[in-house]
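Okay, here's what each chain looks like letter by letter:
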Amino acid sequence: MSVFDPNKLSVNLIPPATPSEPIEGRKYTLTHSDLTAELFLDIGYVYNYGAINQKMRDEVLGEWEKDEQGRFILQGKAYIDGGEFGETVSGIRFNVFNREMDTALKGIVYGDLSFYANYPSLLDAPIFISYESTYPQYRQKLYYGTPRQYLNQIYQGS
């Protein structure tokens with residue numbers, strides 16, 4: 001992945017989802033091709049589990065949820081391991097996900113621009129990514145800024 005190229009992003013809206021609905025429960029499935037550096041984003045009421053490579057498990061999932069105060073947050077998750085990898089491999093997976101998360105989030109945010117046109121306040125919603133692992137040092141929930149920050153980076157070319 002590494003560098004986000006909007007021309008290498010394919011977006012699939014899964015009906016009955018629309019460019020503006022749903023808000024709460026809107027789900028993103030982001031996958032990619034290591035060969036072509038293409039990103040594939042599915043947006044819907046459900047995750048597109050059929051697009052996930054069950055061997056690699058290198059997808060990023062996201063969902064709009066409400067926090068305890070009733071504010072919207074974009075909550076994502078990345079699968080590090082479920083016990084099938086040793087600690088070294090899980091550490092490598094964690095580092096790769098962490099390094100590539102910027103590109104993944106640019107794909108998710110840019111791929112749903114019409115959604116933000118309908119709900120501009122969500123541009124300032126916080127983004128959290130939960131790393132799922134059996135190893136405590138990799139089982140983390142990290143803050144990744146806001147959608148606005150990713151759009152600004154795209155339009156400023158960084």
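Participant: What is the right way to read the overall build of the protein chain from this model?
Facilitator: The helix and strand tally for the protein chain stands at three helices and seven strands. Seen in sequence order, the protein chain has helices and strands lined up from the N terminus as β-β-β-β-β-α-α-β-β-α. Here the protein chain has a C-alpha radius of gyration of 15 Å; the compact-globule value for 158 residues is 15 Å, and the two agree. Seen through its principal axes, the protein chain has C-alpha atoms that stretch 45 × 40 × 30 Å.

Participant: Any chance you could explain the packing of aromatic side chains here in plain terms?
Facilitator: For any pair of aromatic rings, geometry is given as the distance between the ring centres together with the angle between the planes. Following the criterion strictly, the structure yields eleven aromatic pairs and no others. Taken together through their ring pairs, the aromatic side chains of Trp64, Phe115, Tyr116 and Tyr119 make up a single cluster. Looking at Lys27, its charged tip hangs above the ring of Tyr47, at a distance of 5.8 Å from the centre. Between Lys141 and the ring centre of Phe128, over which it is positioned, the NZ or CZ distance is 5.3 Å.

Participant: How should I be thinking about the sheet that holds strand 3 (residues 39–44) in this particular structure?
Facilitator: Spatial ordering of the open sheet is given by 1-3-2-4-5-6-7, a layout of seven strands whose pairing is mixed. Single-partner strands in this sheet number two, and they are strand 1 (9–13) and strand 7 (140–143). Along the sheet, successive strands turn relative to each other by an average axial angle of 20°, direction set aside. Examined bridge by bridge, strand 1 and strand 3 share five bridges and lie parallel to one another. Residue pairing for strand 3: Val11 is matched across the bridge by Leu41. Docked against the sheet, helix 1 (residues 87–110) engages strand 1, strand 2 (27–32), strand 3, strand 4 (60–66), strand 5 (72–79), strand 6 (127–132) and strand 7, running at close to 145° with respect to strand 6.

Participant: Would you mind going over the pairing of strand 5 with me for this structure?
Facilitator: The buried count for strand 5 comes to six of eight residues, which makes it a mostly enclosed element. Taken together, the seven bridges between strand 4 and strand 5 define a ladder with antiparallel strand orientation. Its bridge partner lying in strand 5, Leu61 is registered against Lys77. Taken together, strand 4 and the strand that follows it, strand 5, pair antiparallel across an intervening segment of five residues, in which Gly70 is found at a positive phi of about 85°. As paired strands, strand 5 and strand 6 are joined by six bridges and run parallel to one another. Within strand 6, the position partnered with Tyr79 by the bridge is Glu132.

Participant: It is not clear to me how unusual backbone geometry should be interpreted in this structure. Could you clarify?
Facilitator: Outside of glycine, negative phi angles account for most residues, and trans bonds account for most peptide bonds. Between Pro15 and the following residue, Pro16, the backbone shows a cis peptide bond with an omega angle of 15°. Considering the arrangement of structural elements, one finds Pro16 in the loop between strand 1 and strand 2. One non-glycine residue, Ala37, adopts positive backbone phi at about 65°. On the basis of relative accessible area, Ala37 is assigned to the partly exposed category, the value being 33%. With a phi close to 50°, Arg57 is a non-glycine residue in the positive phi region. Note on placement: Arg57 falls in the loop between strand 3 and strand 4.

Participant: Is there a simple way to think about the environment of Gln140 in this case?
Facilitator: The residue Gln140 is located in strand 7 in this model. When residues no more than four places from it in sequence are discounted, the contact partners of Gln140 are Phe94, Ile129, Ser130 and Tyr131. Separated by 2.6 Å, the side chain of Gln140 and the backbone oxygen of Gln137 make a polar contact.

What counts, and where the lines are drawn
- Residues numbered from 1 in each chain as written.
- Predicted model: local features only at pLDDT ≥ 70, side-chain atom pairs only at ≥ 80, totals over all residues.
- Heavy atoms only, no water.
- Helix = DSSP H or I, 4+ residues; strand = E, 2+ residues; numbered from the N terminus.
- Rg over C-alpha atoms; globule rule 2.2 N^0.38 Å.
- Phe/Tyr/Trp six-rings, centres within 6.5 Å; stacked < 30°, edge-to-face > 60°.
- Lys NZ or Arg CZ within 6 Å of the ring centre and 35° of its normal.
- Pairing = 2+ DSSP bridges.
- Axes fitted to C-alpha atoms, helices over the stretch in contact; angles between N-to-C directions.
- Contact = heavy atoms within 4.5 Å.
- Buried < 20%, exposed > 50% of the residue type's maximum accessible area, 1.4 Å probe, protein only.
- Polar contact = N/O pair within 3.5 Å; in protein donor to acceptor, adjacent residues only side chain to side chain.

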